[in-house]
Amino acid sequence: MLEIKDLVKKYGSFTAVDGLCLHVSQGSIFGFVGPNGAGKTTTMRIMAGLLPATSGGIFMEDVDLTKNPRLLRSKIGYMPDFFGVYDNLKVTEYMDFYAGAYEIPYKDRPALIDDLLEIVDLSHKKNDYVDALSRGMKQRLCLARSLIHDPKLLILDEPASGLDPRARVEMKEILKQLQQMGKTVIISSHILPELAEMCTEVGIIDRGRLAAQGTVQEIMKRLVQKRTIYLRPLDQVEKAAAILREQPSVQDVIENTLDLEFHFDGSDQMLAEILRQVIAAGVSVVTFKEKEGNLEEVFMQVTGGDAQ
Ligand SMILES: Nc1ncnc2c1ncn2[C@@H]1O[C@H](COP(=O)(O)OP(=O)(O)OP(=O)(O)O)[C@@H](O)[C@H]1O
């Protein structure tokens, strides 16, 4: 869907984006994560056609969008991290302003605006002044206007920042809806756990370079050397623990009254073999699963510990 190739952006002698390469698949919700100053906004502004790249390209269907600004603007919708001030504009007037900017014919605008306000759950606010909306509502309105020209790809800069947990859940629901509509979405954050649950894939950027890319599980697997496994047998906890302690790839078995936890540093095949041995020894297994690792820890490890 989108391929960023060797993207470089220099501000004077300072290199903010340093040979960034990134692949975003069609229909994904791609999380673009990195600590403050990593180069996320700079990259997103280049993708949105608001900032020229020093070198490198952004390709969609093999066309370099940085060389086709008009095509770029028609394919990409961008929601910046700052909302801007719109005194004395009502919600529908604000939407109409952007519809005009994208040369949408007058006759098509009312229905389009109603549809978009419905997607972001703002239909009941259409006659309110923009300035009177809550932060979460302003974010959603901004999202609605970035959809006005029906772009294939949406770029959202820190859409979850400053939102309360409820507004975040609403944002997540809207993202899912957009995905179902066939859009590809790139969203940025400096907090990995904030994105982990809404993204199909993440790219971690650090000092203008890609530090890791993949699903959260893939990144965790690659970076967390010792996985923590949880096992709950129906009974016979001691027997299960004894089998685990015999395995060379198992360490630190913690035996609780009803369940067990252990560290494991082998392959998936070895893990499956351990489960087979436990069951073959006559232990009935209720639950056997990998515990979610500490995302924040992984993020700190990848970005050299300067996450904020
Ligand atoms: N116009 C500019 N002139 C000079 N340096 C800039 C300019 N814009 C950004 N930078 C620098 O480029 C680097 C990357 O900034 P950018 O805003 O892209 O990072 P970011 O990852 O979006 O950070 P944040 O999470 O804080 O928004 C930073 O060191 C920043 O100070």
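For clarity, every value in this text was computed on a predicted model and none was experimentally measured.

Peer 1: Can you walk me through the site of the ligand in this structure?
Peer 2: Taken together, Y11, F14, A16, G34, N36, G37, A38, G39, K40, T41, T42 and H190 make up the full set of residues near the ligand. If one sorts the elements of the shell around the ligand by residue count, helix 1 (residues 40-47) sits on top with three residues. A class-by-class count of the residues in the shell around the ligand yields four nonpolar, seven polar and one charged.

Peer 1: How do you make sense of helix 8 (residues 216-223) when you look at a structure like this?
Peer 2: It helps to recall that an α-helix has 3.6 residues per turn; residues three or four apart then point in one direction. When helix 8 is considered as a whole, its buried residues turn out to be V216, I219 and M220. For helix 8, the angular spread of buried residues about the axis comes to 100 degrees, placing them on one side. Within helix 8, the exposed residues directed more than 90 degrees away from the buried face are Q217 and R222.

Peer 1: I would appreciate a short explanation of the sheet that holds strand 12 (residues 250-255) in the present structure.
Peer 2: Consider a sheet: its strands pair through backbone hydrogen bonds, and that pairing is either parallel or antiparallel. The strand order 12-13-11-14 describes an open sheet built from four strands, whose pairing is antiparallel. Edge positions in the sheet fall to strand 12 and strand 14 (285-290), since each of these pairs with one other strand and no more. Each strand of the sheet is rotated relative to its neighbour by a mean of 15 degrees, with strand direction disregarded. Across five bridges, the pairing between strand 11 (residues 227-233) and strand 13 (residues 260-264) is antiparallel. Counted as the bridge partner of R227 is F264 from strand 13. Sheet strands in contact with helix 9 (residues 237-245) are strand 11, strand 12 and strand 13, and its direction is about 165 degrees off that of strand 12.

Peer 1: Explain the packing of helix 3 (residues 91-101) against helix 5 (residues 135-146) here, please?
Peer 2: If you want to describe how two helices pack, look at the angle between their axes and the distance between the axes. Where helix 3 meets helix 5, the closest approach of the two axes is 9 Å, and the angle between their N-to-C directions is 30 degrees. It follows from the interaxial angle that helix 3 and helix 5 lie roughly parallel. Taken as a pair, helix 3 and helix 5 cross one another with a handedness that is right-handed. Between helix 3 and helix 5, the residues in contact are V91, Y94, M95 and Y98 and L141, A144 and R145, respectively. By residue class, the composition of the contact of helix 3 with helix 5 is six nonpolar, no polar and one charged.

Peer 1: What's the story with the sheet that holds strand 10 (residues 209-214) in this structure? I'm lost.
Peer 2: With respect to topology, six strands assemble into an open sheet ordered 6-7-8-3-9-10, the strand pairing being mixed. Strands at the two margins of the open sheet, each flanked by one partner only, are strand 6 (76-79) and strand 10. Averaged over all neighbouring strand pairs, the angle between strand axes comes to 15 degrees, with direction disregarded. Relative to strand 9 (residues 201-206), strand 3 (residues 29-33) runs parallel, the two sharing four bridges. When the bridges of strand 9 are listed, V33 appears paired with I204. Across the face of the sheet, helix 5 comes into contact with strand 6 and strand 7 (153-156) while running at roughly 160 degrees to strand 6.

Peer 1: Hey, could you run me through the pairing of strand 12 in this one?
Peer 2: The side chains of a regular strand alternate, residue by residue, between the two faces of the sheet. Relative to strand 13, strand 12 runs antiparallel, the two sharing four bridges. Its bridge partner lying in strand 13, I254 is registered against E261. Two successive antiparallel strands, strand 12 and strand 13, enclose a turn made up of four residues.

Peer 1: How do you make sense of the confidence of the model for the protein when you look at a structure like this?
Peer 2: Low-pLDDT stretches of the model should not have their predicted coordinates read in fine detail. When pLDDT is averaged along the protein, the result is 88, and 96% of the positions lie at 70 or above. Confidence, expressed as mean pLDDT per element, reaches its minimum in the protein at helix 11 (residues 295-302) with 71 and its maximum at helix 9 with 96. We note a pTM of 0.78 for the whole complex and an ipTM of 0.95 for its interfaces.

Criteria and cut-off values
Residues numbered from 1 in each chain as written. Predicted model: local features only at pLDDT ≥ 70, side-chain atom pairs only at ≥ 80, totals over all residues. Near = placed C-beta within 6 Å. Helix = DSSP H or I, 4+ residues; strand = E, 2+ residues; numbered from the N terminus. Nonpolar A, V, L, I, M, F, W, Y, C, P; charged D, E, K, R; others polar. Buried ≥ 20, exposed ≤ 12 C-beta atoms within 10 Å, placed from the backbone. Arc of directions from axis to C-beta. Pairing = 2+ DSSP bridges. Axes fitted to C-alpha atoms, helices over the stretch in contact; angles between N-to-C directions. Contact = placed C-beta atoms within 7 Å. Parallel < 35°, antiparallel > 145°, perpendicular 65-115°, else oblique. Left-handed = near helix turned anticlockwise from the far one by under 90°. pLDDT = per-residue confidence, 0-100.

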